[in-house]
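# Topology and contacts: notes
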Amino acid sequence: MQLDKKTTVYDLIALASCSLLGVSTPVLAADTSIDDWKVDTAILYYNETDRVSAVESAVSISKNLGGDKILSGKITMDSLSGSSHNGAAISDYEQTFTSPSGEETYTIAPGDVPLDPNFEDDRNSFSLQMSQPLTRVMNLEYGAAYSSEYDYKSLSVNASLMRDFNQRNTTLSAGFSYAQDEINPRDGLPVLYSLMSDNTKSGSDTKNTIDLLMGVTQVINRNTIMQFNYGFGNSTGYHNDPYKIVSIVSDATNAPLDYLFENRPDSRTKHSLYWQTKHHFDQDMVDFSLRLMADDWGVNSQTLDMHYRWNISDNNYLEPHVRYYTQSAADFYEEKISNAGLTAEQVATQYQNEGRDVTADYRLGNMDATTIGVKWGARLFGTHQLTSRIELYQQSGDSKVSDVDAIIFQVGYGLKF
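Described in the following lines is the structure provided in the data block. (Residues numbered from 1 in each chain as written. Predicted model: local features only at pLDDT ≥ 70, side-chain atom pairs only at ≥ 80, totals over all residues. Heavy atoms only, no water.)

## Side note on a nonpolar patch on the surface
Let me state the cut-off plainly: Grouping into patches uses exposed residues only, defined as over 30% relative accessible area, and leaves out salt-bridged ones; the cut-off is 9 Å for like charges and 5 Å for nonpolar side chains (Val, Leu, Ile, Met, Phe, Trp, Tyr). Areas reported as accessible are Shrake-Rupley estimates using a 1.4 Å probe. Residue values count occlusion only from the protein chains shown. Salt bridge criterion: a side-chain nitrogen from Lys or Arg within 4 Å of a carboxyl oxygen from Asp or Glu. In this text, helices come from DSSP runs of H or I with a minimum length of four residues, and strands from runs of E with a minimum of two, each type numbered from the N-terminal end.
Taken together, Ile 43, Tyr 45, Val 55, Val 374, Ile 390, Leu 392, Ile 407, Phe 409 and Val 411 make up a surface patch of nonpolar side chains, about 710 Å² in accessible area. Contributing elements (two or more residues each) for the nonpolar patch: strand S1 (37-48), strand S22 (384-397) and strand S23 (404-416). In terms of residues, the nonpolar patch owes the most to one element, S23, which gives three residues. On the secondary structure map, Val 55 appears in strand S2 (residues 52-66).

Here it is as structure tokens:
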């Protein structure tokens, strides 16, 4: 089991499906339906070439309680399996690794990406959200969420306040969320700066995260609306991936000597800017967004995202989608560590004495990713709707280990009554 791959796949699923049931990153307009009940169901299949496959199913239910009060809940279940990169560098030599439990080994041929073939995990999550007006021009939303995996649990709460101005053409919003995560592998967490050959494990740990969001939404004209957001995030506690290692290689032969468990800073601060524009033509609509992010780990990223909704008829539409993402490497990213004439044990001791952070996680390296896809939606009868989506995801970086090709397929069914 590898936490890094789980996190990566969960993030990609969320991005590919906008959380499967239409819950997305900041939206420009809320659902104004007056139906008492709304039910959405969906299933998504995600497959990486020669790596991980995932199936996610979700059910979302909302109830209009009257007086513009809306209570909603969502249940999501994920199942993942396949092969996962363990963090080690590609080598011209055969490599043998110990499984996280220390009870099994697996061997990687020269020139191949080091993949752990025994990856498998399930995740279940539940969220509850309440939206209610405080005054004619002010609305409050709040909720909580819980998710559980084999070795990871997360509990979060959130709240946001929105206030309309300028004859409701301008909306100011502010929100926060707080999450507490528990990382608890069955065999314990690796002791900091320990080597894979030692397989020294001990206990569990936690991470706390606070996110703040401030935004303004502005109606430009009868066809155009824009949103601007500033986000701040701070997390403290255990940030390591307990299954990720870094290769220590010989200067003389470039052969792997041993593998050091990664070590990341115990805090991370992020800043982000987000801009979204929706423009309605006579029949169609375009949705464009740009997100810039920077953190104190040295990671800077830019995301461009565009949807074009082509209304074929009153009951059918096609929605092409293009997304491009790029990021720089973290300050402590190293594809591998050269031993500089030292033994692997001496290298580990040196890193520990200097308190140096190091990771070979390609998610923290230089990376580019592109998503191209199309969504089809149809109103079948009454308020029943059917949607399907297919997307191709391609990722690349400085090393072959970063290269990921994936296909995402989603089917959804919703109704109001």
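## What to know about the nonpolar core
The line we're drawing: Each nonpolar core is a collection of buried residues, namely Ala, Val, Leu, Ile, Met, Phe, Trp, Tyr and Cys, held together in the definition by side-chain atoms within 4.5 Å. Type-normalised accessible area, obtained with a 1.4 Å probe on protein chains alone, sets the label of each residue: buried when under 20%, exposed when over 50%, and partly exposed for intermediate values.
Counting 17 residues, the largest nonpolar core has Tyr 46, Leu 80, Tyr 362, Tyr 393 and Ile 408 as the members making the most contacts within it. Of all elements in the fold, only S1, S2, strand S6 (115-135), strand S21 (367-381) and S23 reach the threshold of two or more residues within this core. Counting residues in hydrophobic clusters, the runner-up holds 12 residues, among them Ile 248, Ile 337, Ala 344 and Ala 348.

## Details of the packing of aromatic side chains
Note the following rule: Whether two aromatic rings pair depends on their centres lying within 6.5 Å, for rings of Phe, Tyr and Trp, where Trp uses its six-membered ring; planes under 30 degrees apart make the pair stacked, over 60 edge-to-face, and the rest tilted. Placement of a charge over a ring requires the Lys NZ or Arg CZ to be within 6 Å of the ring centre, with the centre-to-atom vector within 35 degrees of the ring normal.
Following the criterion strictly, the structure yields six aromatic pairs and no others. Aromatic rings pair up to connect Phe 97, Tyr 106 and Tyr 259 into one cluster. The cationic tip of Arg 309 hangs over the ring face of Tyr 317; the distance from NZ or CZ to the ring centre is 3.6 Å.

## Topic: the environment of Trp 376
Note the cut-off: Contacts are assigned to residue pairs with any non-hydrogen atoms lying within 4.5 Å of each other.
Position of Trp 376 among the secondary structure elements: in strand S21. Take Trp 376: its relative accessible area is 30%, and that puts it in the partly exposed class. Note: C-alpha distance between Trp 376 and Lys 201 (175 residues apart in sequence) is 49 Å. The contacts of Trp 376, once residues within four sequence positions are left out, are Asn 316, Tyr 317, Leu 318, Leu 386, Thr 387 and Ser 388.

## Considerations on empty space enclosed by the protein
We count it as follows: Cavity means a closed set of points on a 1 Å grid over the protein atoms alone, one where a 1.4 Å probe fits but cannot get out, pocket means an open set with protein on both sides within 12 Å along at least 5 of 7 lines, and lining means a residue has an atom within 4 Å of a point. Grid points are joined across faces, edges and corners, and a volume is the space filled by probe spheres set on the points. Residue classes follow a fixed rule: Ala, Val, Leu, Ile, Met, Phe, Trp, Tyr, Cys and Pro count as nonpolar, while Asp, Glu, Lys and Arg count as charged, and any other residue, Gly among them, counts as polar.
Going through the model one piece at a time under the given rule, you end up with five cavities of 30 Å³ or more. Considering only enclosed or pocket space, the largest cavity measures out at about 120 Å³ in volume. Looking at the largest cavity, it is lined by 15 residues, and the ones nearest its centre are Thr 98, Ser 99, Pro 100, Tyr 243 and Phe 261. The residue inventory of the lining of the largest cavity, partitioned by class, reads eight nonpolar, five polar and two charged.

## Brief notes about helix H2 (residues 344-354)
Short version of the rule: The reported arc concerns the directions from the helix axis to the C-beta atoms and nothing else.
Along H2, the residues classified as buried are Ala 344, Val 347, Ala 348 and Tyr 351. Projection of H2 onto a plane perpendicular to its axis shows the buried side chains occupying an angular sector of 100°, all on one side. In this structure, the buried residues of H2 make contact with strand S14 (245-249), strand S15 (256-261) and strand S20 (337-338). Looking at the residues trailing H2, positive phi occurs at Gly 355, about 60°.

## Focus: the pairing of S21
Our working definition: By definition, two strands form a pair when at least two bridges between them are found by DSSP.
In this sheet, S21 lies alongside strand S19 (residues 316-327) in antiparallel orientation, the contact comprising 12 bridges. Considered in S21, the bridge of Gln 327 is made with Met 367. Of the strand pairs in this sheet, S21 and S22 are connected by 14 bridges, and their pairing is antiparallel. Across the sheet, Ala 378 pairs through a bridge with Leu 386, a residue of S22. Counting the residues in the hairpin turn of S21 and S22 gives two residues, including Gly 382, whose phi is positive at 55°.

## Observations regarding the sheet that holds S15
Rules: Only the stretch in contact is used when fitting a helix axis, every axis being a line fitted to C-alpha atoms; angles between N-to-C directions are given from 0 to 180 degrees.
Read across the sheet, three strands follow the order S15-S14-S20 without closing on themselves; strand pairing throughout is mixed. Both edges of this open sheet fall to S15 and S20, since each of them pairs with a single strand only. Where S14 meets S15, five bridges bridge the pair, whose relative direction is antiparallel. By the bridge assignment, Val 249 is partnered in S15 with Pro 256. Those strands touched by H2 are S14, S15 and S20, and its axis lies near 30° from that of S15.

## Topic: the pattern of salt bridges
Under the definition given, this model contains 10 salt bridges. The salt bridge involving Arg 186 is made with Asp 187; its shortest N-O contact spans 3.6 Å. When the shortest N-O distance is used, the salt bridge between Lys 244 and Asp 361 registers 4.0 Å. Of this pair, Lys 244 sits in the loop between strand S13 (224-237) and S14 while Asp 361 sits in the loop between H2 and S21; the two residues are 117 residues apart in sequence, bridging distant segments of the chain.

## A word on the environment of Asp 251
The test is simple: For the purposes of these results, a polar contact is taken to be a pair of N or O atoms within 3.5 Å, where, inside protein, one atom must be able to donate a hydrogen and its partner to accept one; residues adjacent in sequence count only when each atom of the pair is a side-chain atom.
Mapped onto the secondary structure, Asp 251 falls in the loop between S14 and S15. You can call Asp 251 partly exposed: its relative accessible area is 47%. Taking C-alpha positions, Asp 251 is 6.1 Å from Asn 339, a pair spaced 88 residues apart along the chain. Of note is the side chain of Asp 251, whose polar atom sits 2.8 Å from the backbone nitrogen of Ala 340.

## Comments concerning unusual backbone geometry
Unusually for a residue other than glycine, Gln 167 sits at a positive phi of about 55°. Secondary-structure assignment places Gln 167 in the loop between strand S8 (152-165) and strand S9 (170-183). Overall, Gln 167 belongs to the exposed group, its relative accessible area being 76%. Phi angles above zero are rare outside glycine, and Arg 168 is one such case at about 65°. Among the structural elements, Arg 168 can be located in the loop between S8 and S9.

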